Amino acid sequence: MTSIGIVATQISISTIIPMLIAINDRDYLQFKELEKTFVAQNNVEVWQDVFNFRILPALDQQSKKWLLEAWCGEGVVIESRALK
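Within each chain, residue numbers correspond to sequence positions counted from 1 in written order. Local features in a predicted model are, by the rule used here, given only for residues with pLDDT of at least 70; side-chain atom pairs are given and counted only at 80 or more, and totals for whole chains, interfaces and linings are based on all residues. Note that water and hydrogens are dropped before the side-chain values are worked out from all heavy atoms of the structure.

Honestly, the pattern of salt bridges in this entry has me stumped. Any pointers?
A side chain of one charge can pair with a side chain of the opposite charge when the charged atoms of the two come close. Here a salt bridge means any side-chain nitrogen of Lys or Arg lying within 4 Å of a carboxyl oxygen belonging to Asp or Glu. Tallied over the full model, the rule gives two salt bridges. As a salt-bridge pair, Glu35 and Lys32 come within 2.5 Å of each other at their nearest N and O atoms. Note that Glu35 and Lys32 are positioned in helix α3 (residues 28-41) at a spacing of three residues, about one turn of the helix. One exposure class covers both Glu35 and Lys32, and it is buried. The closest approach of N and O atoms between Glu69 and Lys65, which form a salt bridge, is 3.9 Å. Here the residue Glu69 and the residue Lys65 both occupy positions in helix α5 (residues 61-74), the gap between them amounting to four residues, near one helical turn. On the basis of relative accessible area, Glu69 is assigned to the partly exposed category, the value being 48%. Where helices and strands are cited, they refer to DSSP runs of H or I of at least four residues and of E of at least two residues respectively, numbered from the N terminus. Exposure classes here rest on a 1.4 Å probe applied to the protein chains alone. A residue is buried below 20% of its type maximum, exposed above 50%, and partly exposed in between.

Shown next, in the form of structure tokens:
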């Protein structure tokens, strides 16, 4: 495991839960604010690890689809196969 992966596994669940709630509530602005705060406190590499291996796998298909649509609506291009 990389040092980034180790740091990512040490992120408290209390940091992740508000992000999941924002996704569940379909509150993209709140999710983005939480994301910005997380990156400022940690770094983008830790965020990517936490998102890809802790948040994304916890989402149901409807939430993954909503998040993808919200990202695309913002103009961010991501690989859709990562959300399948």
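From this point, things continue past the structure.
What is the right way to read the packing of α3 against helix α4 (residues 44-55) from this model?
Working note: a packed helix pair is described by the angle between its axes plus the distance between those axes. Packing of α3 against α4 leaves a shortest axis separation of 8 Å and a crossing angle of 130°. Judged on the interaxial angle alone, α4 and α3 are oblique. Two secondary-structure elements touch here, α3 through Phe31, Glu35, Phe38 and Val39 and α4 through Val44, Val46, Trp47, Val50 and Phe51. Here the residues of the contact of α3 with α4 are counted per class, giving eight nonpolar, no polar and one charged. Axes here mean lines fitted to C-alpha atoms, for a helix over just the part in contact, with angles spanning 0 to 180 degrees between N-to-C directions. For classification, angles of less than 35 degrees are called roughly parallel, those exceeding 145 degrees roughly antiparallel, those between 65 and 115 degrees roughly perpendicular, and all remaining angles oblique. Contact between two residues is taken to exist if any of their heavy atoms lie within 4.5 Å; hydrogens are not considered. Under the grouping applied here, Gly and all other residues not named as nonpolar or charged are polar, the nonpolar ones being Ala, Val, Leu, Ile, Met, Phe, Trp, Tyr, Cys and Pro and the charged ones Asp, Glu, Lys and Arg.

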